[in-house]
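Commentary on secondary and tertiary structure
Residue strings, one per chain:
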Amino acid sequence: MQDKNEELKKKINEFKQNKNIGFKSNINTSSMIGSGLKISIDLIASIFVGIMIGLGMDKLFSTKPIFFLIFLLLGVAAGFVKMYRSIINLEKIKKK
Amino acid sequence: MASPLAQFEISKLIQLNVGDFDVSFTNSSLVMVLSVVFILTILFFGLKNLKIVPSKIQSLVELSYEFISTMIGDNIGKEGLKYLPFIFTLFFFILIGNLIGMMPLSFTWTSHIIVTFAIAFFIFLAATFIAIFKHGLLKFLGFFAPSGVPKPMLLLLVPIEIISYISRPISLSVRLFANMMAGHTLLKVIGGFVFVLGANSFIIGGVLPLAFLVALTGLEIVIAFLQAYVFAILTCLYINDAIHLH
């Protein structure tokens, strides 16, 4: 009985020491699902924002398709940059 | 049969006007209040008689706390613990909202873009202000110019960075809204199949869509969890970006 108590105390102490408020999760799969879901809509959202900025500037300076085209391309580029980054991130997590 | 989109209609329960603004209490607000009450009840009973060996409801509350704190620890680090109450609230508000929406005859407030956009835009503003207060305006603007890039390239890269920063609240809100709306519409459409096919073929025809409906309901519950999780984790990532600008 005494032995068991000692053992339990030891275990509790060990647990207390490396507790760090539950930070020691080694499960990164959950954040991988998050990144995966993120990619799809990021692309569309960036293009949408690009188009909106372009149309807004065209209306402001009444230069119809110029800014629209420029920002459409920039939006597409931004979308792909975001996608690329998310994939790099995913690879990093995978390697860990 | 009601249209599959009829379930998203807002109806006013109590008419209220403040000045020119219509602030009526709607079915959407009612479900929001219900979700808050539900969360508070669980937390209240979970934290009532604290014991070392927790009761079921206490361990539920403890597990959810641990879950969020692990999420913050993984994605932000220790300095993120300050934002735990916010992310905890956000996650459970959206989760319970999604799940209450799964109940028959109820209403899914997360399937309205204006609600999710308001939440996402607030998060966007908060992250921006955190970054500005923590690092100063200049350093925050430096966030848009990646280091180690030749100057002419900045002309192209800065707008790209700005666009991808502004697109954050939109992608955040559209993701939640689109998933919930599409899921519930699909359920309603398949539900319509059950009724129409079953009525026209002496019930036999309705069996297959009904089996489908059951499977889809399960999927929808998984999506309810996943979307709340993704929303919370992306909030963590944005706050992380704001705290450690790089």
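Look above for the structure.
I will try to describe carefully the structure that is included in this document. (Residues numbered from 1 in each chain as written. Chains lettered and ligands numbered in written order. Predicted model: local features only at pLDDT ≥ 70, side-chain atom pairs only at ≥ 80, totals over all residues. Heavy atoms only, no water.)

**With respect to the overall build of chain A**
Rules: Only runs of H or I of at least four residues qualify as helices and only runs of E of at least two qualify as strands under DSSP, and these elements are numbered from the N terminus. Categorising residues by exposure relies on relative accessible area from a 1.4 Å probe, with only protein chains included: less than 20% of the type maximum marks a residue as buried, more than 50% marks it as exposed, and the intermediate range marks it as partly exposed. By definition, residues are in contact when any of their heavy atoms lie within 4.5 Å. Only the protein chains shown count as cover for residues, with accessible areas throughout obtained via the Shrake-Rupley method and a probe of 1.4 Å.
The helix and strand tally for chain A stands at three helices and zero strands. Across chain A, helices and strands are ordered from the amino to the carboxyl terminus as α-α-α. When each of the 96 residues of chain A is scored for burial, the buried share is 24%. Taking contacts inside chain A between residues at least 6 apart in sequence as the whole, the part at least 24 apart equals 57%. Working note: accessible area of chain A is about 7,200 Å², and carbon and sulfur atoms make up 66% of it.

**Let's talk about the packing of helix H1 (residues 27–46) of chain B against helix H3 (residues 84–101) of chain B**
Residue and element names in this part refer to chain B. Put simply, the rule is: Note on method: axes are straight lines fitted to C-alpha atoms, helices fitted across the in-contact stretch only, with angles between N-to-C directions ranging 0 to 180 degrees. A clockwise turn of the near helix away from the far one marks a right-handed crossing, whereas an anticlockwise turn of less than a right angle marks a left-handed crossing. In this count, Pro and Cys sit with the nonpolar residues alongside Ala, Val, Leu, Ile, Met, Phe, Trp and Tyr, while Asp, Glu, Lys and Arg are called charged and the others, Gly among them, polar.
Two numbers describe how H1 lies on H3: the axes approach to 9 Å, and their chain directions differ by 120°. As for how H1 packs across H3, the hand of that crossing is right-handed. Residues Val31, Met32, Leu34, Ser35, Val36, Phe38, Ile39 and Leu43 of H1 form the contact with H3, whose own contacting residues are Phe88, Phe92, Phe93, Ile96, Gly97 and Ile100. Residues of the contact of H1 with H3, tallied by class, amount to 12 nonpolar, two polar and no charged.

**A closer look at the pattern of salt bridges**
Which entries qualify depends on this criterion: Here, a salt bridge means any side-chain nitrogen of Lys or Arg that lies within 4 Å of a carboxyl oxygen of Asp or Glu.
Tallying each qualifying case throughout the model produces five salt bridges over all chains. Note that Glu161 of chain B and Arg85 of chain A form a salt bridge whose closest N and O atoms lie 2.5 Å from each other. One end of the pair, Glu161 of chain B, is in helix H6 (residues 151–200); the other, Arg85 of chain A, is in helix H3 (residues 64–95), on a second chain. Overall, the relative accessible area of 39% leaves Arg85 of chain A in the partly exposed class. One connected set of salt bridges, linked through shared partners, spans Asp42 and Lys82 of chain A together with Arg175 of chain B.

**Digging into the layout of surface pockets**
Residue and element names in this part refer to chain B. The criterion, for reference: Cavity: a set of points on a 1 Å grid over the protein atoms alone where a 1.4 Å probe fits but cannot get out. Pocket: an open set with protein on both sides within 12 Å along at least five of seven lines, its lining residues, like those of a cavity, having an atom within 4 Å of a point. Grid points are joined across faces, edges and corners, and a volume is the space filled by probe spheres set on the points.
Within this model, the second largest pocket holds a volume of roughly 500 Å³. Lining the second largest pocket are 18 residues, with Gln7, Pro104, Leu105, Leu187 and Lys188 positioned closest to its centre. When residues in the lining of the second largest pocket are grouped by element, the largest group, five residues, is from H6. Its residues assigned to classes, the lining of the second largest pocket shows nine nonpolar, eight polar and one charged.

**A closer look at the side chain of Ser173 of chain B**
Residue and element names in this part refer to chain B. Our working rule: Whenever a nitrogen or oxygen atom comes within 3.5 Å of another N or O atom, the pair is scored as a polar contact, on the condition that within protein one atom can donate a hydrogen and the other can accept it, and that pairs from neighbouring residues in sequence are kept only if both atoms are in side chains.
Relative to the helices and strands, Ser173 resides in helix H6. For Ser173, a relative accessible area of 1% puts it in the buried group. A polar contact is formed between the side chain of Ser173 and the backbone oxygen of Pro169, at a distance of 2.9 Å. When sequence neighbours within four positions are dropped, the list of residues in contact with Ser173 reads Ile113, Thr116, Phe117 and Ala120.

**Considering the packing of H6 of chain B against helix H7 (residues 204–243) of chain B**
All names here are of chain B. This is how it is decided: Our angle categories are set so that under 35 degrees counts as roughly parallel, over 145 as roughly antiparallel, 65 to 115 as roughly perpendicular, and the remainder as oblique.
It is the contact of H6 with H7, at a shortest axis distance of 9 Å, that shows an interaxial angle of 170°. As the angle between them shows, H6 and H7 are arranged roughly antiparallel. Split into classes, the residues belonging to the contact of H6 with H7 amount to 19 nonpolar, 10 polar and four charged.

**Considerations on empty space enclosed by the protein**
To find the voids left in a structure, one rolls a probe of water-molecule size over its atoms. Residues and elements named next belong to chain B. By the definition in use, this model includes one cavity of 30 Å³ or more. Roughly 40 Å³ of internal volume is contained in the largest cavity. Around the largest cavity, the lining residues are Ala127, Ala131, Phe140, Phe143, Tyr165, Arg168, Tyr238, Asp241, Ala242 and Leu245. Sorting the residues of the lining of the largest cavity by element identifies helix H4 (113–135), H6 and H7 as the ones contributing at least two each. Residue contributions to the lining of the largest cavity peak at three residues, all from H7. Grouping the amino acids of the lining of the largest cavity by side-chain chemistry returns eight nonpolar, no polar and two charged.

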